[in-house]
Amino acid sequence: MQIKKDLALTNKLLSQGLVSSRDPETGFRYILCATCPKDGGDGTVARIDRKDNEVERVLFCCSICGQEFAAKPGDIFLT
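Since the model is a prediction, treat every value here as computed from it, not as a measurement. (Residues numbered from 1 in each chain as written. Predicted model: local features only at pLDDT ≥ 70, side-chain atom pairs only at ≥ 80, totals over all residues. Heavy atoms only, no water.)

Peer 1: Please clarify how the overall build of the protein chain should be interpreted in this entry.
Peer 2: Counting its regular elements, the protein chain contains one helix and six strands. Its helices and strands in sequence order give the protein chain the pattern α-β-β-β-β-β-β, from N to C terminus. Radius of gyration (C-alpha) of the protein chain: 12 Å, near the 12 Å computed for a compact globule of 79 residues. Within the protein chain, buried positions represent 33% of all 79 residues. Surface accessibility of the protein chain: about 5000 Å² in total, with carbon and sulfur atoms responsible for 48%. A gap of 2 Å separates the mean positions of the 11 positive and 11 negative side-chain charges of the protein chain. (Helix = DSSP H or I, 4+ residues; strand = E, 2+ residues; numbered from the N terminus. Rg over C-alpha atoms; globule rule 2.2 N^0.38 Å. Buried < 20%, exposed > 50% of the residue type's maximum accessible area, 1.4 Å probe, protein only. Areas by Shrake-Rupley, 256 points an atom, 1.4 Å probe, with all protein chains shown as cover. Lys, Arg positive; Asp, Glu negative; His and termini not counted. Charge placed at Lys NZ, Arg CZ, Asp CG, Glu CD.)

Here's what the structure looks like:
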């Protein structure tokens, strides 16, 4: 699994209303993820709140505890 921490790309995706991006050189699809604040589990996108085609909030679902949580753009990574 490739992990990429790129705040500029994350902000760009959110402003375009997207939660994933394909690397044009490798073809690899990066998807927004975040770490659960309760137990450190990997969180995948569960729900998206949009306004005017921009993502305002992403809720992630923890793979360990199953709880949903929000993450700030600075805490989001791409995998």
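Don't stop here, the text continues.
Peer 1: In this structure, what is going on with the nonpolar core? I would like to understand it.
Peer 2: Side chains of nonpolar character tend, in soluble globular proteins, to be buried together. Ranked by internal contacts, the top residues of the largest apolar core, which has 16 residues, are Leu-32, Val-58, Phe-60, Phe-69 and Leu-78. Every residue in contact with Val-58, bar those within four places of it in the chain, is listed here: Leu-14, Leu-32, Val-45, Arg-47, Phe-69, Ala-70 and Ala-71. (Core = buried A, V, L, I, M, F, W, Y, C linked by side-chain atoms within 4.5 Å. Contact = heavy atoms within 4.5 Å.)

Peer 1: Help me understand the pattern of salt bridges, please; the structure alone is not making it clear to me.
Peer 2: Close approach of charged atoms allows side chains of opposite charge to pair. Enumeration over the complete set of coordinates arrives at two salt bridges. Residue Asp-49 is joined to Arg-57 by a salt bridge in which the shortest nitrogen-to-oxygen separation is 2.9 Å. (Salt bridge = Lys/Arg side-chain N within 4 Å of Asp/Glu carboxyl O.)

Peer 1: How should the environment of Asn-53 be read in this particular structure?
Peer 2: Mapped onto the secondary structure, Asn-53 falls in the loop between β3 (42-51) and β4 (54-62). Considering only alpha carbons, one finds Asn-53 and Ser-15, 38 residues apart in sequence, at a separation of 7.7 Å.

Peer 1: What is the right way to look at unusual backbone geometry in this model?
Peer 2: Most peptide bonds take the trans configuration, and most residues that are not glycine carry a negative phi. Of note, the phi angle at Asp-52 is positive, near 55°, even though the residue is not glycine. If you trace the backbone, Asp-52 turns up in the loop between β3 and β4. For Asn-53, which is not glycine, the phi torsion reads 65° and is therefore positive.

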